[in-house]
Amino acid sequence: MSICFETVIEIRGVNPFVGVSSAQADALKPGWRKPLPVLVRINGDSAIAWRTNMMPDGNGNFYLYLHGNMRKASSTKVGDRVRVEIEFDAAYRNGPQDAMPKWFRQALNSNAQAKKNWSALIPSRKKEILRYLSRLVSADARIRNQAQALHVLSGQEGRFMGRAWKNGS
């Protein structure tokens, strides 16, 4: 199911958006009240839709924020009247999207406390860590980050990925 409507790009703080009514959102996914994964086209700007989330406003309506690349591709700005095409993103995957590197999995499996604390982490934290670890290139960076991750996941205090860790989280 998809919806298509015309509206004006507004701004909330520093964030350009278009409003999506509760009736329009219900046409995509009835009763949904959390961030809604969608595919979006602005003014039919491309053959490939932008993947994003509509954010609930607490009253059943949603904000569809339009990042700079979306607006650039559609040659639009705040105040412009636009045609918005939205469809539910059924291919959306929640949680970690990068596979756990083999070298990290092996180290985690050899440390029971770190493995237990890893299992207890919220999905978004796991996703963030796996994204970071999967992009490490040098062996030195892998060794250094693996040691620090196991240190904090083992329950010891420390800093890893710009955060203070205590008791494994």
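Novice: What am I meant to see in the environment of Gly155 here?
Specialist: Structurally, the position occupied by Gly155 is in the loop between helix 6 (139-153) and strand 8 (158-160). With 45 residues separating them in the primary sequence, Gly155 and Ser110 have C-alpha atoms 15 Å apart. Gly155 has contacts with Asn117, Asn167 and Gly168, leaving out every residue within four places of it along the chain.

Novice: Is there a simple way to think about the pairing of strand 7 (residues 81-88) in this case?
Specialist: One face of the sheet, then the other: side chains in a regular strand alternate in exactly this way. Two elements, strand 1 (residues 2-8) and strand 7, share seven bridges in a ladder whose sense is antiparallel. Across the sheet, residue Ser2 finds its bridge partner in strand 7, namely Glu87.

Novice: I would appreciate a short explanation of the packing of aromatic side chains in the present structure.
Specialist: Aromatic ring pairs are reported here in terms of the distance separating the ring centres and the angle at which the planes meet. According to the stated counting rule, one finds eight aromatic pairs in the structure shown. Ring-pair connections join several aromatic residues into one group, and the members of that group are Phe17, Tyr63 and Tyr65. It is Lys29 that lies over the ring of Phe88; its NZ or CZ is 4.5 Å from the centre.

Novice: What is the right way to look at the pattern of salt bridges in this model?
Specialist: Between side chains of opposite charge, a pair can form as their charged atoms come close. Applying the stated criterion to the full structure yields seven salt bridges. In this structure, Glu6 engages Arg81 in a salt bridge whose closest nitrogen and oxygen atoms are separated by 3.8 Å. Of the two residues, Glu6 sits in strand 1 while Arg81 sits in strand 7, which places them 75 residues apart along the sequence. On the basis of relative accessible area, Glu6 is assigned to the exposed category, the value being 52%. For Arg51, the salt bridge identified is with Asp89, shortest N-O distance 2.5 Å. In this pair, Arg51 is assigned in strand 5 (residues 50-56) and Asp89 in the loop between strand 7 and helix 3 (102-109), connecting sequence segments 38 residues apart. Using a relative accessible area of 53% as the deciding quantity, one classes Arg51 as exposed. Ionic contacts of the salt-bridge type, sharing partners, join the residues Arg125, Glu128 and Arg163 into one network.

Novice: Quick question: what am I supposed to make of unusual backbone geometry here?
Specialist: Backbone phi values are negative for most residues with the exception of glycine, while trans is the configuration of most peptide bonds. One non-glycine residue, Asn43, lies in the positive phi region at around 55°. Mapped onto the elements of the fold, Asn43 is located in the loop between strand 4 (36-42) and strand 5. Residue Asn43 is classed as partly exposed on the basis of its relative accessible area, which comes to 32%.

Novice: Can you help me understand the nonpolar core in this one?
Specialist: For soluble globular proteins, the rule of thumb is that nonpolar side chains tend to be buried together. If you look at the biggest cluster of nonpolar residues, it comprises 19 residues, and the most contacted ones within it are Val20, Val38, Met54, Leu64, Val84 and Ile86. Those elements giving two or more residues to this core turn out to be strand 1, strand 3 (15-20), helix 1 (22-28), strand 4, strand 6 (62-65) and strand 7. Here the element with the most residues in this core is strand 4; it accounts for four residues. Dropping the residues within four chain positions of it, Leu64 is found in contact with Pro16, Phe17, Val18, Val20, Val38, Val40, Thr52, Met54, Val84 and Ile86. Core analysis: the second largest hydrophobic core is formed by 18 residues, Ala107, Leu108, Trp118 and Ile129 among them.

Novice: Explain helix 3 to me, please; I cannot follow it from the model alone.
Specialist: The periodicity of an α-helix, 3.6 residues per turn, causes residues three or four positions apart to be oriented the same way. Every buried residue of helix 3 is listed here: Phe104, Ala107 and Leu108. Buried residues of helix 3 fall within an arc of 100° about the axis and therefore sit on the same side. Tucked into the core, helix 3 has its buried residues touching helix 4 (112-120), helix 5 (123-134) and helix 6.

Novice: Explanation requested: helix 4 in the structure shown.
Specialist: The set of residues buried in helix 4 consists of Ala114, Asn117 and Trp118. Down the axis of helix 4, the buried side of the element spans an arc of 105°, and every buried residue falls inside it. Facing away from the buried surface of helix 4 by more than 90 degrees, the exposed residues are Ala112, Lys116, Ser119 and Ala120. Buried residues along helix 4 sit in contact with helix 3, helix 5 and helix 6. Here helix 4 starts with a cap whose side-chain oxygen sits 3.3 Å from the backbone nitrogen of Gln113, and that cap is Asn111.

Procedures and definitions
- Residues numbered from 1 in each chain as written.
- Predicted model: local features only at pLDDT ≥ 70, side-chain atom pairs only at ≥ 80, totals over all residues.
- Heavy atoms only, no water.
- Helix = DSSP H or I, 4+ residues; strand = E, 2+ residues; numbered from the N terminus.
- Contact = heavy atoms within 4.5 Å.
- Pairing = 2+ DSSP bridges.
- Phe/Tyr/Trp six-rings, centres within 6.5 Å; stacked < 30°, edge-to-face > 60°.
- Lys NZ or Arg CZ within 6 Å of the ring centre and 35° of its normal.
- Salt bridge = Lys/Arg side-chain N within 4 Å of Asp/Glu carboxyl O.
- Buried < 20%, exposed > 50% of the residue type's maximum accessible area, 1.4 Å probe, protein only.
- Core = buried A, V, L, I, M, F, W, Y, C linked by side-chain atoms within 4.5 Å.
- Arc of directions from axis to C-beta.
- Polar contact = N/O pair within 3.5 Å; in protein donor to acceptor, adjacent residues only side chain to side chain.

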